[in-house]
Each structure stands twice: as C-alpha cells, then as structure tokens.
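Below are the chains, spelled out letter by letter.
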Amino acid sequence: MLLIFRFIIVVLYSILVCILGSIYCLFSPRNPRHVATFGHMFGRLAPVFGLKVETRKPEGAEHYGNAIYIGNHQNNFDMVTAAKIVQPRTVTVGKKSLLWIPFFGQLYWLTGNLLIDRDNRAKAHGTIAQVVSQIRKRNISVWMFPEGTRSRGRGLLPFKTGAFHAALAAGVPVIPVCVSNTSNKINMNRLKNGLVIVEMLPPIDTSAWGKDQVRELATHCRQVMEQKIAELDKEVAEREASGNI
C-alpha cells in the first residue's frame with residue numbers, strides 16, 4: 001500500500017514539475033540557472049522515499065567558478081539525492097534519447113542541459129569539444145558521471161576519461177561529489193529508509209596535469225572519491241545504528 005501511495009505522489013509531483021517547469025522555462029529557454037532550480041525541486045522528493053538527505057559543501061563553494069563536477073552514478077535515486085547539491089549555472093550531459101521521455105525530456109532540454117548521441121561513435125568523439133565550447137560560450141559548469149553507467153551496487157566503477165579530457169581542455173578544475181550508498185537501501189514499502197550523505201569535495205586543480213596524463217588524473221580522482229564514499233558509508237552506518245540521523 002505504501003509503495004502505491006509513493007508511486008502516485010512521485011508521478012503526480014514529477015508531471016506537475018515538468019509541465020509547469022517547461023512553461024516557466026519558455027520565458028528564458030536554455031538558461032543554465034534552471035538546472036539547479038529544478039534539480040533541487042526533484043530533490044524534495046527524498047522524504048517521500050523515506051530518506052533524509054544531508055548535503056555538505058566546502059566553505060565558499062558558491063564562488064568556485066566554472067568546473068567539471070563528477071559524481072558517482074548509482075541508480076535512479078540520484079535524481080533525489082545528488083540533485084540536491086547541484087550548483088547554479090551547472091548543466092548535465094545526457095543522451096539524446098532523454099528528449100523523448102514524456103514531460104521530463106522537454107524540461108531537461110529547456111533547462112539548458114547538453115544532449116549527446118552516445119550511440120554514434122563518430123559524433124561521440126566530438127562530445128568533449130562540445131562540452132568545452134559550451135563551458136566557454138555559456139559561462140557554465142558541467143556535471144558528468146565518469147563511470148558512464150549506473151553502478152547498481154557494484155561499487156565505484158572504473159572511470160572513463162571524457163570528463164577529464166574536457167577539464168584539461170577547458171582549463172577548469174574537477175570537483176568530486178560523493179553520495180553515500182543507496183543500493184538496496186530503499187524499500188518502497190518501508191516508512192523510513194535512513195540517511196544519505198551527499199558531500200562536495202574541494203576542487204582538484206588540473207593545471208598540474210598534462211594532456212598526456214588524463215588517465216592518471218582520472219585514477220587520482222577516483223581514488224579520492226572511493227576513499228570519501230567509504231568514509232560516508234561508515235558514518236551513515238554508525239549514525240543509523242545509534243539512531244542519530
């Protein structure tokens with residue numbers, strides 16, 4: 001019964017946000033500030049799933065400037081966890097096929113996110129150049145998931161290098177965003193599903209890395225994130241065990 005109630009609330013809320021959001025965005029289409037606005041609105045669904053989401057940012061994070069944000073991509077619940085910490089003028093990179101999802105696809109495009117053709121390898125090679133061009137032209141930051149797919153409980157997957165090529169080419173830092181484990185955590189028929197911590201880490205300066213060190217940069221960032229995620233998972237487990245959430 002709880003599952004059905006949650007499903008109805010999520011569907012109705014999402015459709016309402018997408019329709020009204022799309023109308024709102026028509027007055028300033030593709031404005032990159034919209035992504036954070038509506039990302040945070042989807043983040044408000046967290047309590048519907050019985051989640052308490054705690055966000056952490058370094059002091060002065062709002063003044064970081066343009067960057068490539070990288071996050072661990074676990075599952076569809078990233079829409080209500082990681083979305084809560086998206087910064088203004090930050091857009092995401094998604095598949096062109098997202099455009100055909102009723103209501104959501106239209107909002108996704110109108111808010112200013114970037115759409116790429118991942119199924120076309122020839123076009124995919126131009127994705128990095130497109131990201132770099134957009135960072136410079138629109139004065140934006142870009143959020144990417146370097147794992148390339150949802151991990152679905154397999155831990156932090158190996159990183160692809162696209163995000164790091166883009167950071168080096170654009171001359172911007174990489175900012176990791178770590179989300180504690182949500183895999184097998186959420187039972188839709190359970191009232192409370194515990195704590196999730198989303199933490200933004202300090203920027204990683206890319207100026208010390210050459211273009212021939214992209215793989216090393218990716219490995220370094222992955223190690224930083226893997227360590228932080230392990231720390232967050234431990235903290236969550238301890239706080240949930242003690243009831244301190």
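A short tour of the structure in this document, coming up. (Residues numbered from 1 in each chain as written. Predicted model: local features only at pLDDT ≥ 70, side-chain atom pairs only at ≥ 80, totals over all residues. Heavy atoms only, no water.)

1. Quick word on unusual backbone geometry
With a phi angle near 65°, Arg-30 is a residue other than glycine that sits in the positive phi range. Position of Arg-30 among the secondary structure elements: in the loop between α1 (2-25) and α2 (33-43). The backbone of Arg-89 shows a phi angle near 65°, a positive value even though the residue is not glycine. Counting through the fold element by element, Arg-89 comes out in the loop between β2 (68-71) and β3 (90-95). A residue is classified by how much of its surface remains accessible, and Arg-89, at 24% relative accessible area, is partly exposed. (Helix = DSSP H or I, 4+ residues; strand = E, 2+ residues; numbered from the N terminus. Buried < 20%, exposed > 50% of the residue type's maximum accessible area, 1.4 Å probe, protein only.)

2. A few points about the packing of aromatic side chains
Taken as a whole, this structure holds seven aromatic pairs when the rule is applied. Summarising the aromatic geometry, the rings of Phe-42 and Phe-104 are spaced 6.3 Å apart at their centres and angled 70° between planes, so their arrangement reads as edge-to-face. Placement of Phe-42 in helix α2 and of Phe-104 in helix α3 (residues 104-110) is noted, with a sequence separation of 62 residues between them. Ring geometry for Phe-104 versus Tyr-108: centroids 5.8 Å apart, planes at 40°, classification tilted. Here Tyr-108 and Phe-104 lie together in helix α3, a separation of four residues that amounts to about one turn. Judged by relative accessible area, which is 10%, Tyr-108 ranks as buried. (Phe/Tyr/Trp six-rings, centres within 6.5 Å; stacked < 30°, edge-to-face > 60°.)

3. What to know about the packing of helix α5 (residues 127-138) against helix α6 (residues 162-170)
The contact between α5 and α6 brings their axes to 9 Å, and the two run at 45°. Between α5 and α6, the interaxial angle falls into the category oblique. Taken as a pair, α5 and α6 cross one another with a handedness that is right-handed. Of the residues in α6, those touching α5 at Ile-128, Val-131, Val-132, Ile-135 and Arg-136 are Gly-162, His-165, Ala-166, Ala-169 and Ala-170. (Axes fitted to C-alpha atoms, helices over the stretch in contact; angles between N-to-C directions. Parallel < 35°, antiparallel > 145°, perpendicular 65-115°, else oblique. Left-handed = near helix turned anticlockwise from the far one by under 90°. Contact = heavy atoms within 4.5 Å.)

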